[in-house]
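Read off the chains here:
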Amino acid sequence: MKRILYAAAAAALLMPLPASAQFLGKEDMAVSQPKMTGQFWAPKPSTMTPYVAPNKPHWKLSEILAAHKGQSDWVQPVVRNKDQEGDYISFAPGAKTKMKMYPDDRVVFIVWDGSIKVSIDGYQPFVATKGFMMNVPFRHMFTLENVGSTPALRFEVRQTGSVPIYPASETPDPVKGMTYTKVTEQPGPAKEKDSNPIYVDYMKEFNGTDKPYGEKFVWDDHFTSNILRGKGAPVPPDTNKGHFHIGWTEFWFIMEGHIGMKVEGLPYFVCDPGDVMIAAQGRWHRAGDDPSAPWSTRVPFNPRPPILHNFEATGD
């Protein structure tokens, strides 16, 4: 069985980054591409898009863990929007998820504590520990098993409305408003491109190194996730609005260091490893590597490859 590892894609993914991390993350592939010529009128909400629970600008991992203190099995909804949803999920030692697959969309996990054995149909099983970024291509059956002695914690991102399919040997978890029906299906599993590795062991490849990184982790026509790593840089003034997205909400998982965030209508705030930050659709925002850490990394999640960035026009 073919095993797609980070090493297979490393040569194509690693690139030096410009030293401008606090501005807008110019290491972001979308922002570093050539600008379109001229100026344009872009639609922006007349009033700021509100944060509707569970969404909020800054989810602190420390607060999530405190809310679930003493529990081994729990799910904390973190992100809900029209395109994607994200949850923090913990499960007990020895627990194993049911075999399942997602029909037309991939699912992505970031392991943040414990040891999880990952078994994906068509790939060699592996054990993921803190910092592993995992990508399950659509129509691949998979299971996750906690093989450690402590609860295992992961951040999971799915496409909104994507409902799992189970083999006939499993009992499906109920889904409100739906009835599971026994069927046959075609076509078969997605053939993943080498540029979308099944996993990246972030702690092994980057943590404690001087490797900047600004390329993709997963990339298809319905999912974009990059690893954005850079050195700490001075914080710009609030007059630097950053950019906004017309139709999409963007969110980030903090892998390392301290990420500074400025969202329209809110004061500048700093996020720690394991935190999640969200820029509501249509709000000006800028994310960068706060000077309080030598190196910082954030992992953005977007529903398009890549979404359009709208900057404030200057001059005529």
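Computed from a predicted structure; not experimentally measured.

Conventions and cut-offs
Residues numbered from 1 in each chain as written. Predicted model: local features only at pLDDT ≥ 70, side-chain atom pairs only at ≥ 80, totals over all residues. Heavy atoms only, no water. Patch = residues over 30% accessible without salt bridge, like charges linked within 9 Å, V, L, I, M, F, W, Y side chains within 5 Å. Areas by Shrake-Rupley, 256 points an atom, 1.4 Å probe, with all protein chains shown as cover. Salt bridge = Lys/Arg side-chain N within 4 Å of Asp/Glu carboxyl O. Helix = DSSP H or I, 4+ residues; strand = E, 2+ residues; numbered from the N terminus. Buried < 20%, exposed > 50% of the residue type's maximum accessible area, 1.4 Å probe, protein only. Core = buried A, V, L, I, M, F, W, Y, C linked by side-chain atoms within 4.5 Å. Contact = heavy atoms within 4.5 Å. Pairing = 2+ DSSP bridges. Axes fitted to C-alpha atoms, helices over the stretch in contact; angles between N-to-C directions. Phe/Tyr/Trp six-rings, centres within 6.5 Å; stacked < 30°, edge-to-face > 60°.

Engineer: Sorry, what's going on with a nonpolar patch on the surface here?
Structural biologist: On the surface, M36, F40, I246 and L308 cluster together to form a nonpolar patch covering roughly 420 Å² of accessible area. Relative to the helices and strands, L308 resides in the loop between β20 (295-302) and β21 (310-311). Since its relative accessible area comes to 47%, L308 is described here as partly exposed.

Engineer: Help me understand the nonpolar core, please; the structure alone is not making it clear to me.
Structural biologist: One broad trend across soluble globular proteins is that nonpolar side chains are buried collectively. One finds Y88, F155, F253, V276 and F301 to be the most contacted residues of the largest nonpolar core, which totals 29 residues. Other than its neighbours up to four places away in sequence, F253 contacts Y88, I110, W112, F155, G274, D275, V276, T297, R298, V299 and F301. Grouped together as the second largest cluster of nonpolar side chains are 19 residues, Y102, V118, F126 and A128 included.

Engineer: Before we go on, may I ask you to explain the pattern of salt bridges in this structure?
Structural biologist: Think of it this way: side chains of opposite charge can pair up when their charged atoms draw near. Summed over all chains, the structure comprises 15 salt bridges. For E156, the salt bridge goes to R154, with nearest N and O atoms at 3.3 Å. Between R286 and D238 there is a salt bridge whose closest N-O contact spans 3.8 Å. With R286 in strand β19 (residues 285-289) and D238 in the loop between β13 (228-231) and β14 (243-244), this pair connects stretches of sequence that are 48 residues apart. On the basis of relative accessible area, D238 is assigned to the exposed category, the value being 52%. Among the ionic contacts, a cluster of salt bridges with common partners joins R80, E85, D87, R154, E156 and R158.

Engineer: Where do I start with the sheet that holds strand β7 (residues 132-136) in this structure?
Structural biologist: With antiparallel pairing, the six strands of this open sheet are ordered in space as β2-β3-β9-β4-β7-β10. Sheet topology places β2 (74-80) and β10 (199-201) at the edges, where each strand pairs with a single neighbour. Strand-to-strand twist across the sheet, computed as the mean angle between neighbouring axes with direction ignored, equals 15 degrees. Sheet topology note: the strand β3 (residues 84-91)/strand β9 (residues 152-159) ladder contains eight bridges and is antiparallel. Directly across from I89, in β9, lies its bridge partner R154.

Engineer: What should I look at first to understand the pairing of β19 in this one?
Structural biologist: Where a strand is regular, its side chains alternate between the two sheet faces. Across the five residues that make up β19, a large majority, five, are buried. Going residue by residue along β19, you find H285, A287 and D289 tucked away on one face and R286 and G288 tucked away on the opposite face as well. As paired strands, strand β16 (residues 259-263) and β19 are joined by five bridges and run antiparallel to one another. By the bridge assignment for β19, K262 is matched with R286.

Engineer: Help me understand the sheet that holds strand β8 (residues 142-146) in this model?
Structural biologist: One open sheet holds the three strands; their spatial order is β6-β5-β8, and the pairing between them is antiparallel. Every interior strand has two partners, whereas the edge strands, β6 (126-128) and β8, have only one. Direction aside, the axes of adjacent strands within the sheet are offset by 30 degrees on average. Note: strand β5 (residues 116-120) against β6, three bridges, orientation antiparallel. Of the residues in β6, the one forming a bridge with I116 is A128.

Engineer: Help me out: how do you make sense of the side chain of Q84 in this one?
Structural biologist: For Q84, the position within the fold is in strand β3. Setting aside residues up to four positions removed in sequence, Q84 forms contacts with V79, R158, Q159, T160, F223, F251, F301, N302 and P303.

Engineer: Looking at this model, I keep getting lost on the packing of aromatic side chains. Mind explaining?
Structural biologist: To describe a pair of aromatic rings, one takes the distance between the centres and the angle between the planes. Counting across every chain of the model gives 14 aromatic pairs. Their ring planes at 40 degrees and their centres at 4.3 Å tell us that F126 and Y199 sit as a pair that is tilted. Pair noted here: F126 is in strand β6 and Y199 is in strand β10, with a separation of 73 residues, a long-range link. Accessibility classification places F126 together with Y199 in one group, the buried group.

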